[in-house]
Amino acid sequence: MSNSNSHPLFKSHIEKATRFQLRKPTPNKTNWDTFYKLSSNENLMGASPKALAAVKQAIDGVYEYDHYDDFQFQDKLADYYKQEIKSGQFITANSGVEVLEIICRGLVSVGAECIVSSPTFSPYKNMIELEGGVVVDIPLSTPDYQLDIDEILNAVTEKTALVFITNPNNPTGTYIEKEKIDHLIEQLPDDVIVVYDEVYYHFVDADDFPYAIDYVKAGKPVIGLHTFSKIYGLAGLRIGYGFTTPEIGEYLNKIFRPFRIDTVSMAAAFAALEDEEHVNRSQKMVWEGKKWLYEKFEELGVEYLKSQGNFIMFKSPIPSLELTSNMLDEGVMIRPGDNFGAPGYIRLTIGTEAANKRFMDVFKHFLEK
Ligand SMILES: Cc1ncc(COP(=O)(O)O)c(C=O)c1O
């Protein structure tokens, strides 16, 4: 039912939903001698070279449909995971956010409650609301930005459908160790499904990090989320996937759209999965860059959070919007935490050595001003 003064076909929960904020376009990089986009957690090393070669080869075939797209992608992933997860347990889509959309479409009914922990990936809220779901925010506990497991368990009611866990979390970079996630999953009622967003898992170096695959293999009601946008460097191609139990997989795969996966993205993704060298080089870049940036922040007395992602959140010593705007003028694009519910903080993507150095030089310049 819609509001009395709007079109009778409009759904009231879609009318009421907060529209996801589109940001300003990336500035024209050619206006600067050097321009570094360190605001969206992309891979500054670029795309996997094997994926790029596959794109060039696939491009000539774009006039044709692929009649076996999702199935082929799911089969490929099952092989990649050595058949420990079977084909029908994957949910393949044109990006991680599309997997999230499929999850919400399939599992969030009008009035269903979904627990999220802010500050976190902001599109969850919008996708829940578009299905008529109710967002229940149990914020991360400060100052260490840890998941408040007791409060999450207290917030569960008979209306709870989904619990979103982002591990490592965006924008904080913090992670929740295995023991805590084991406890949470153990204590949740069986009919609540955990959406376990670990799109940054390649950058994790902590020994006690809990991987979604172990919960799925153990038959827990968990949906893991992966993307090709981060370490594989294919953000612009839009390709990602989820994986879950056979029961949930079979259900969510009914939400099917013919020819959902585009042929070029799929060719790139398949090649990227084989490109271990690119993964290793990208991990090395991030881990070395992280160490260097930590040292520099410490020298400057800037507060930052230890990260398990390819980004670092730090407290801006001067008003955060002023700093991001000044730095953009100098060709260094970083993201204020305000949009994520972390005002006063800034999220910085860890880049190449040159990018990190340029960030630090310009940052210091504005601190000393
Ligand atoms: C936590 C988290 N989840 C999901 C995504 C979605 O990634 P994509 O839609 O590019 O696959 C992102 C992208 O930044 C993210 O940070």
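Sequence order as written defines the numbering, with residues in each chain counted from 1. A pLDDT threshold of at least 70 governs which residues receive local features in this predicted model, and a stricter bar of 80 or more applies before side-chain atom pairs are shown or counted, although totals over entire chains, interfaces and linings include all residues.

Take the overall build of the protein next. Helix and strand counts for the protein come out as 13 helices and twelve strands. Rg of the C-alpha trace for the protein: 21 Å, near the compact-globule value of 21 Å for 369 residues, within the 12% margin. Our exposure labels follow a C-beta count within 10 Å of each residue's own C-beta, placed from the backbone: buried means 20 or more other C-beta atoms, exposed means 12 or fewer, and partly exposed covers the counts in between. In the protein, buried positions account for 43% of the 369 residues. A pair of residues counts as a contact when their C-beta atoms, built from backbone coordinates, are separated by no more than 7 Å. If you take every contact in the protein between residues at least 6 apart in sequence, the share linking residues at least 24 apart comes to 74%. Helix and strand definitions follow DSSP, with helices as H or I runs of at least four residues and strands as E runs of at least two, each counted in order from the N terminus. Restricting the calculation to C-alpha atoms gives the radius of gyration, and the globule rule supplies 2.2 Å times the number of residues raised to the power 0.38.

This part is about the environment of Ile-185. With respect to the helices and strands, Ile-185 occurs in helix α7 (residues 178-187). Judged by C-beta crowding, with 19 C-beta atoms within 10 Å, Ile-185 ranks as partly exposed. The spatial distance from the C-alpha of Ile-185 to the C-alpha of Gly-337 is 29 Å, given a sequence separation of 152 residues. Setting aside its immediate chain neighbours within four residues, Ile-185 contacts Val-194, Tyr-215, Lys-220 and Val-222.

This paragraph deals with the site of the ligand. Throughout this description, a residue near a molecule or strand is one whose C-beta atom, derived from the backbone, lies within 6 Å of it. The full set close to the ligand counts 13 residues, and Ser-95, Gly-96, Val-97, Thr-227 and Ser-229 are the nearest of them. Class assignment for the residues of the shell around the ligand results in four nonpolar, eight polar and one charged. Residue polarity follows a fixed list, in which Ala, Val, Leu, Ile, Met, Phe, Trp, Tyr, Cys and Pro are nonpolar, Asp, Glu, Lys and Arg are charged, and the others, Gly among them, are polar.

Time to look at the environment of Ile-261. Here Ile-261 shows up in the loop between α9 (246-252) and α10 (263-274). Looking at Ile-261, the number of C-beta atoms within 10 Å reads 24, which means it is buried. Note: C-alpha distance between Ile-261 and Thr-26 (235 residues apart in sequence) is 26 Å. Those residues in contact with Ile-261, other than ones at most four positions away along the chain, are Asp-69, Asp-70, Phe-73, Thr-92, Asn-94 and Met-266.

Think of an α-helix as turning once every 3.6 residues; residues three or four places apart then point the same way. Along its twelve residues, helix α4 (residues 96-107) runs 17 Å from first to last C-alpha, staying within 8% of the 16 Å computed at 1.5 Å per residue. For α4, the set of buried residues is Gly-96, Val-97, Glu-98, Val-99, Leu-100, Ile-102, Ile-103 and Cys-104. A helix is expected to reach a length of 1.5 Å times the quantity of its residues less one.

Domain assignment breaks the protein into domain 1 (21-47 + 277-368) and domain 2 (51-274). At the junction of the two partners, domain 1 supplies 25 residues and domain 2 supplies 25 residues. Secondary-structure elements contributing two or more residues to the side of domain 1 that touches domain 2 are α11 (276-300) and β9 (311-315). By residue number, the principal contributor to the side of domain 1 that touches domain 2 is α11, which donates five residues. Residues of the side of domain 1 that touches domain 2, tallied by class, amount to eleven nonpolar, twelve polar and two charged. Domain segmentation is taken from an automatic or database assignment of domains.

Further remarks concern the nonpolar core. The nonpolar core criterion groups buried Ala, Val, Leu, Ile, Met, Phe, Trp, Tyr and Cys residues into a set whenever they are joined through C-beta atoms within 7 Å. One finds Phe-164, Val-195, Leu-234 and Ala-268 to be the most contacted residues of the largest nonpolar core, which totals 92 residues. When residues of this core are sorted by domain, at least three fall in each of domain 1 (21-47 + 277-368) and domain 2 (51-274). Excluding residues within four positions of it along the chain, Phe-164 makes contact with Cys-114, Ile-115, Val-116, Tyr-124, Val-195 and Asp-197.

Read from one edge to the other, the open sheet built from seven strands follows the order β2-β8-β7-β6-β5-β3-β4, with strand pairing classed as mixed. Edge positions in the sheet fall to β2 (90-93) and β4 (134-137), since each has one partner strand and no second. Across the sheet, the mean angle separating the axes of adjacent strands is 20° when strand polarity is ignored. Strands are treated as partners if at least two bridges between them are detected by DSSP. As paired strands, strand β6 (residues 193-197) and strand β7 (residues 222-227) are joined by four bridges and run parallel to one another. What sits directly across from Val-194, in β7, is Val-222. Axis geometry follows a simple rule: fit a line to the C-alpha atoms, using only the stretch in contact for helices, then measure angles between N-to-C directions, giving values from 0 to 180 degrees. Sheet strands touched by α4: β2, β5 (160-166), β6, β7 and β8 (240-243). Its angle to β8, the strand with the most contacts, is close to 40°.

We now examine α11. Taking 1.5 Å per residue, 25 residues should reach 36 Å; α11 reaches 36 Å between its end C-alpha atoms and fits that length. Looking only at α11, the buried set comprises His-278, Ser-282, Met-285, Val-286, Gly-289, Lys-290 and Leu-293. Along its buried surface, α11 packs onto α2 (49-58), β9 and α13 (353-368).

Okay, the pairing of β9 next. With four of five residues buried, β9 lies mostly within the body of the structure. The sheet contact formed by β9 and strand β12 (residues 345-349) spans five bridges and is antiparallel. Across the sheet, residue Phe-311 finds its bridge partner in β12, namely Thr-349.

Pairing is antiparallel across the open sheet formed by three strands, whose spatial order is β9-β12-β11. Every other strand in the sheet has two partners, leaving β9 and β11 (335-336) as the edge strands with one partner each.

In the contact formed by α11 and α13, the axes pass within 10 Å of each other and the chain directions differ by 15°. Comparing the axis directions of α11 and α13 gives the class roughly parallel. Helix-helix and strand crossings are classified by hand; for α11 and α13 the assignment is right-handed. Across from Gly-289, Trp-292, Leu-293, Lys-296 and Leu-300 in α11, the residues of α13 making contact are Glu-353, Asn-356, Met-360 and Leu-367. Here the contact of α11 with α13 is composed, by residue class, of five nonpolar, two polar and two charged. Here roughly perpendicular refers to angles of 65 to 115 degrees, roughly parallel to angles under 35, roughly antiparallel to angles over 145, and oblique to all remaining angles. Handedness of each helix crossing follows the sense of rotation of the near helix against the far helix: counterclockwise by less than a right angle gives left-handed, clockwise gives right-handed.

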